[in-house]
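Commentary on secondary and tertiary structure
The chain contents come next:
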Amino acid sequence: MRKGKILIVDDDAFFRVLSSDILTAGGFQVKTASTGLEAISMIENDEFDIVITDLVMPDINGLEVLQKTKQINTLIDVIVVTGHGSIESAIEALKNGAFDYIRKPANEDELLHTVGACMDKKKLLEENAEMRQSLKLFEVSRNVTAILDMSKLYSISLDALLQIIHGEAGIIFFYEDEKKKLDIKGVRHLSINTGEKIVEIFKGRFERDLRDLDSITVVAKPELPGEDAELLAPYNSFLVAPLTKAGSVSGYLLILSSHAKNDYSVKDIKHATFIVEHISQAFDNAQKYSEAKEMAFIDSLTNLYNSKYLELALDKEIKRADRLMMPVTVLFLDLDNFKQINDKNDHLVGSRVLVEVGKILLKCVREVDTVIRYGGDEYVVLLIDADYEVAMRVAERIRASIEKAEFLNDDDLHLKITASIGVATYPIHTKDRKELLKIADKAMYRAKDMSRNVVYLAPLPGAPAVKTGARPE
């Protein structure tokens, strides 16, 4: 009697050998992998009943092995292994679909009991095909709706549908540019180049008729000449699943199948529809999550990024600067005598001036640069791939633009204001992220101390101070 096929994943050779010996002696068929990536490759190319994976590994961790295993085949059970008496990560794995967890060092009775209980559940499901299918639908839909990262959701959605419906390959694509273009977001078992060619065929042959599609349909492979016919030779039908948003088709999941159009049963389409409805909901959730996350970093007054975003942005840009060996420059800007505008007018007027200053800053920099309202009347600008010489020119352009501008002209106020700007460049001034911001801030205060309405470059090692701007009266 078949007892089950198990994959043990652990970078600890002793644990692999010990666990393999215990389970082999218990009648199980066992294979092992020393890394998470090796394990995923084996799962894609072999059939396993259970994966036993360590949570801490050098390439991808056990939680990622769990996620990718469920993405490939949701009915493979995963048992996670935790060590050092800590179970927090194991509990997190259970929340994400793991069957159970065991602790190191390996205990023979615990290991055999846990694996045995898992196999008993699997055998029960094998005896009840309807229950097995219901569980699979539930697990697949749960795995999809748990994803809030849009970039991951494309491939996970394809894998989810391919677990439920027969198909040799899949493509997911969405409308862009007000539905003028179909843009590929992910492929399965195809190259991107091949996927793009197939989408062109789809667009030319079917897209007009299917634009208002509100349910899954299967279309027969069209008769095509030359290279197009060769491209689609392995397939006999397309299953087209529309992804909707606010009642309108926003994209498609396209499954390419060797099945004929009429080989798909009503139950097949019903199951696929169940999954696609959850996929559409998952994309809606991911979009709302992305927007909410974005709004958490947006200043409600100016619609610029806020100070919460500064640390994330600076960390990201410095890492990119290190990778690409390029500089990053921080401009720290403070409006001069801004309090006088509030005192002479009111705070509403002052707020509107801050909004207009933000617009000036955006006009003076590139799209790749980041403009942040740091707080009050202070702003920070991150200039990407800009050394201090380039940054000084940009900062001077900002200073001069603010000095030249008249604010609230529509209200016939014609207000004038100036700004003091401090400049510091990574890695010239410092290689520490927090220190870089402090140096730029100090340079800004030095500009105020000197005369206001100037740009001041933080002193370079072994060089005199540099400033630009209006001369003091």
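All residue numbers here refer to positions counted from 1 along the written sequence of the relevant chain. Local features are withheld for residues below a pLDDT of 70 in this predicted model, meaning they are given only at 70 or higher, and side-chain atom pairs are given and counted only at 80 or more; totals for whole chains, interfaces and linings count all residues. No hydrogens and no water enter the side-chain calculation; it runs on all heavy atoms of the structure.

Overview of the overall build of the protein
Rule in force here: Helix numbers and strand numbers start at the N terminus; a helix is a DSSP run of H or I with at least 4 residues, a strand a run of E with at least 2. Each radius of gyration is computed over the set of C-alpha atoms, and the globule rule expresses the reference value as 2.2 Å times the number of residues to the power 0.38. Only protein chains enter the accessibility calculation, which uses a 1.4 Å probe; a residue whose area is less than 20% of its type maximum is buried, one above 50% is exposed, and one in between is partly exposed.
The helix and strand tally for the protein stands at 15 helices and 16 strands. The globule rule puts the C-alpha radius of gyration for 473 residues at 23 Å, and the 30 Å found for the protein is more than 25% above it. When the backbone C-alpha atoms are referred to their principal axes, the protein occupies close to 95 × 60 × 45 Å. The buried share of the protein, reckoned over its 473 residues, is 47%.

With respect to the pattern of salt bridges
Inclusion rule: What makes a salt bridge here is a side-chain nitrogen of Lys or Arg within 4 Å of a carboxyl oxygen of Asp or Glu, nothing more.
Tallying each qualifying case throughout the model produces 23 salt bridges. We note a salt bridge from Lys5 to Asp46, for which the minimum N-O separation is 2.8 Å. Linking Lys5 in strand E1 (residues 5–9) with Asp46 in the loop between helix H2 (36–45) and strand E3 (50–54), this pair joins segments that are 41 residues apart in sequence. For Lys5, a relative accessible area of 14% corresponds to the buried category. Between Asp315 and Lys319 there is a salt bridge, with the nearest N and O atoms lying 3.3 Å from each other. Separated by four residues within a single helix, Asp315 and Lys319 lie in helix H11 (residues 307–324), roughly one turn from each other. Within this structure, Glu311, Asp315, Lys319 and Arg433 form a network of salt bridges that share partners.

Structural notes on unusual backbone geometry
With an omega of -5 degrees, the peptide bond running from Lys104 to Pro105 counts as cis. For the bond from Tyr426 to Pro427, the omega torsion is 5 degrees, close enough to zero to count as cis. Considering the arrangement of structural elements, one finds Pro427 in the loop between strand E14 (419–426) and helix H15 (433–450). Phi is positive for Met325, close to 55 degrees, though the residue is something other than glycine. Looking at the secondary structure, you find Met325 in the loop between H11 and strand E11 (328–335). Even without being glycine, His414 reaches a positive phi, approximately 50 degrees. Structurally, His414 can be placed in the loop between helix H14 (388–404) and E14.

A few points about the sheet that holds strand E9 (residues 237–245)
Here is the rule we go by: Note: two strands are recorded as paired if DSSP finds a minimum of 2 bridges between them. Here, axes are lines fitted to C-alpha atoms. For helices the fit covers the stretch in contact, and angles between N-to-C directions go from 0 to 180 degrees.
With antiparallel pairing, five strands are arranged side by side in an open sheet as E7-E6-E10-E9-E8. Each edge of the open sheet carries a strand with a single partner, namely strand E7 (181–188) and strand E8 (217–220). Between one strand axis and the next, the sheet turns by 25 degrees as a mean value, whatever way the strands run. Sheet topology places strand E6 (residues 169–176) next to E7; seven bridges connect them, and they run antiparallel. Bridge assignment links Glu176 to a residue of E7, and that residue is Lys181.

Side note on helix H10 (residues 266–295)
What counts here: Expected helix span is computed as 1.5 Å times (number of residues minus one). Here, residues are in contact when the closest pair of their heavy atoms is within 4.5 Å.
Its 30 residues give H10 an end-to-end C-alpha distance of 43 Å, which sits within 8% of 44 Å, the value for a rise of 1.5 Å per residue. Residues of H10 that are buried: His271, Ala272, Ile275, Val276, Ile279, Ser280, Ala282, Phe283 and Ala286. Along its buried surface, H10 packs onto helix H6 (129–145), helix H7 (150–164), E6, E9 and strand E10 (248–257).

Description of the sheet that holds E3
What the five strands build is an open sheet, ordered E2-E1-E3-E4-E5; its pairing is parallel. In the strand order of this sheet, the two ends are held by strand E2 (29–33) and strand E5 (100–103), each with one partner. Ignoring which end each strand starts from, the neighbouring axes of this sheet average 20 degrees apart. Two strands pair when backbone bridges link them, and strand E4 (residues 77–82) and E5 are joined in this way by four bridges, in the parallel orientation. Pairing of Thr82 across the sheet is with Arg103, part of E5. The sheet contacts of helix H3 (residues 62–72) involve E3 and E4, and relative to E3 the element is tilted by about 160 degrees.

Some remarks on the nonpolar core
One broad rule of soluble globular proteins: the nonpolar side chains tend to lie buried together. Let me state the cut-off plainly: Within this scheme, the nonpolar core is defined by two criteria: the residues are buried Ala, Val, Leu, Ile, Met, Phe, Trp, Tyr or Cys, and they are joined through side-chain atoms within 4.5 Å.
Within the largest apolar cluster, 36 residues are counted, with the highest numbers of intra-cluster contacts made by Leu331, Leu333, Leu335, Ile398, Ile402, Phe407 and Val423. Secondary structure elements with two or more residues in this core: E11, helix H12 (338–344), helix H13 (347–364), strand E13 (378–384), H14, E14 and strand E15 (454–457). Apart from residues lying up to four places away in sequence, Phe407 is in contact with Val353, Glu356, Val357, Ile360, Ile402, Leu413, His414, Leu415 and Ile417. Counting 30 residues, the second-largest nonpolar core is a separate cluster that includes Leu137, Val144, Ile164 and Ala282.

Some points on the confidence of the model for the protein
Heads up, the rule is: Values of pLDDT, which run from 0 to 100, indicate the predictor's confidence residue by residue.
The predicted model of the protein has a mean per-residue pLDDT of 88, with 96% of residues at 70 or higher. The secondary-structure element of the protein with the lowest mean pLDDT is strand E16 (residues 466–469), recorded at 61, while E11 shows the highest, at 96.

Some words on the packing of aromatic side chains
The way to describe two aromatic rings as a pair is by their centre distance and the angle between their planes. Keep this limit in mind: Pairs were defined over the aromatic rings of Phe, Tyr and Trp, the Trp ring being its six-membered one, requiring ring centres within 6.5 Å. Orientation was assigned from the angle between planes: stacked under 30 degrees, edge-to-face over 60, tilted for the rest. Ring-over charges, as used throughout, are those where CZ of Arg or NZ of Lys falls within 6 Å of the ring centre and within 35 degrees of the ring normal.
Tallied over the entire structure, the rule returns 10 aromatic pairs. Their ring planes at 65 degrees and their centres at 5.9 Å tell us that Tyr175 and Tyr252 sit as a pair that is edge-to-face. Residue Tyr175 is found in strand E6, and its partner Tyr252 is found in strand E10; the two are separated by 77 residues along the sequence. Both residues of the pair, Tyr175 and Tyr252, count as buried. For the ring pair Phe332 and Tyr374, a centre distance of 5.2 Å and an interplane angle of 70 degrees mean the geometry is edge-to-face. Remark: Tyr374 occurs in strand E12 (residues 370–375) and Phe332 occurs in strand E11; sequence separation between them is 42 residues. Assessed through its relative accessible area of 1%, Phe332 is described here as buried. Three or more aromatic residues link up through ring pairs in this structure, and these residues are Phe173, Tyr175, Phe202 and Tyr252. Here Lys3 stacks its cationic end above the ring of Phe28, 4.9 Å away from the centre of that ring. Above the ring of Phe15, the side-chain terminus of Lys104 is found at 5.0 Å from the ring centroid.

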